[in-house]
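# Summary of structural features
Here are the chains, one letter per residue:
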Amino acid sequence: MKDVLTQLGDILEQRKAATAEKSYVASLHEKGLNKILEKVGEEATETILAAKDAQVSRDNSDVIYETADLWFHTLVALSHLGERPETVLNELARRFDMSGIEEKASRADK
């Protein structure tokens, strides 16, 4: 799975240099961080609604689709801020062997 995120990170970086007319990612970067974050919020809402629907329908296909959109737009936001997907993977790895309660307490110390 890490390879998929690494490849996507490479593609997102390449698309930054593309023209907005030829690349959706480039068009988001051109519009700026606020537009990218608007898309993240929109996709988060769609993911939540799809999850609620999946609980009733017992069909997870829409929530998987919307989660992919959410992750994608989140990665575009990270790319816009100069970060790669691996930085998030490293943070998740850091949290291994740590309870959620311990992790939350460590944030309070900052």
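The name that an unreviewed UniProt entry assigns to the protein is Phosphoribosyl-ATP pyrophosphatase, with the source organism given as Amphritea japonica ATCC BAA-1530. Per UniProt, the protein carries the Catalytic activity (unreviewed entry) text "1-(5-phospho-beta-D-ribosyl)-ATP + H2O = 1-(5-phospho-beta-D-ribosyl)-5'-AMP + diphosphate + H(+)". Per UniProt, the protein has the following entry under Pathway (unreviewed entry): "Amino-acid biosynthesis; L-histidine biosynthesis; L-histidine from 5-phospho-alpha-D-ribose 1-diphosphate: step 2/9."

### Regarding the environment of Glu46
On the secondary structure map, Glu46 appears in helix α3 (residues 33–57). Sequence separation of Glu46 and Thr67 is 21 residues, and the distance between their C-alpha atoms is 8.5 Å.

### Comments concerning the nonpolar core
Ranked by size, the top nonpolar core spans 10 residues in total: Leu5, Leu12, Val25, Leu28, Ile36, Val40, Leu70, Leu75, Val76 and Ala77. Within the residue set of this core, elements represented by two or more residues are α1 (2–16), α2 (24–31), α3 and α4 (61–80). Of all the elements, α4 adds the most residues to this core, at 4 residues. Other than its neighbours up to four places away in sequence, Leu70 contacts Val40, Glu43, Ala44 and Thr47.

### Some details on the packing of α2 against α3
Helix packing for two helices is described by the angle between their axes and how far apart those axes are. Between α2 and α3, the shortest axis-to-axis distance is 5 Å and the interhelical angle comes to 120°. Classed by the angle they form, the pair α2 and α3 counts as oblique. Where α2 abuts α3, its residues Tyr24, Leu28, His29 and Lys31 lie against Lys35, Ile36 and Lys39.

### Structural notes on the packing of α2 against α4
Direction vectors running N to C along α2 and α4 enclose 55°, while the axes themselves pass 11 Å from each other. Here α2 lies oblique to α4, going by the angle between them. α4 is crossed by α2, and the crossing has right-handed handedness. Counted together, Tyr24, Val25, Leu28 and His29 of α2 and Phe72, His73, Val76, Ser79 and His80 of α4 form the full contact between these two elements. The residue makeup of the contact of α2 with α4, split by class, is 5 nonpolar, 4 polar and no charged.

### Concerning α2
For α2, every residue scored as buried is listed here: Val25, Ala26, Ser27, Leu28 and His29. Residue Ser23 occupies the N-cap position of α2, its side-chain oxygen lying 3.3 Å from the main-chain nitrogen of Val25. The first or second residue beyond α2 is Gly32, which carries a positive phi of 100°.

### Notes on the side chain of Lys39
Within the secondary structure, Lys39 is located in helix α3. Setting aside chain neighbours within four positions, we find Lys39 in contact with Tyr24, Leu28 and His73.

Calculation rules
- Residues numbered from 1 in each chain as written.
- Predicted model: local features only at pLDDT ≥ 70, side-chain atom pairs only at ≥ 80, totals over all residues.
- Heavy atoms only, no water.
- UniProt positions renumbered as here; feature names shortened; annotations may be inferred.
- Helix = DSSP H or I, 4+ residues; strand = E, 2+ residues; numbered from the N terminus.
- Core = buried A, V, L, I, M, F, W, Y, C linked by side-chain atoms within 4.5 Å.
- Buried < 20%, exposed > 50% of the residue type's maximum accessible area, 1.4 Å probe, protein only.
- Contact = heavy atoms within 4.5 Å.
- Axes fitted to C-alpha atoms, helices over the stretch in contact; angles between N-to-C directions.
- Parallel < 35°, antiparallel > 145°, perpendicular 65-115°, else oblique.
- Left-handed = near helix turned anticlockwise from the far one by under 90°.
- Nonpolar A, V, L, I, M, F, W, Y, C, P; charged D, E, K, R; others polar.
- Polar contact = N/O pair within 3.5 Å; in protein donor to acceptor, adjacent residues only side chain to side chain.

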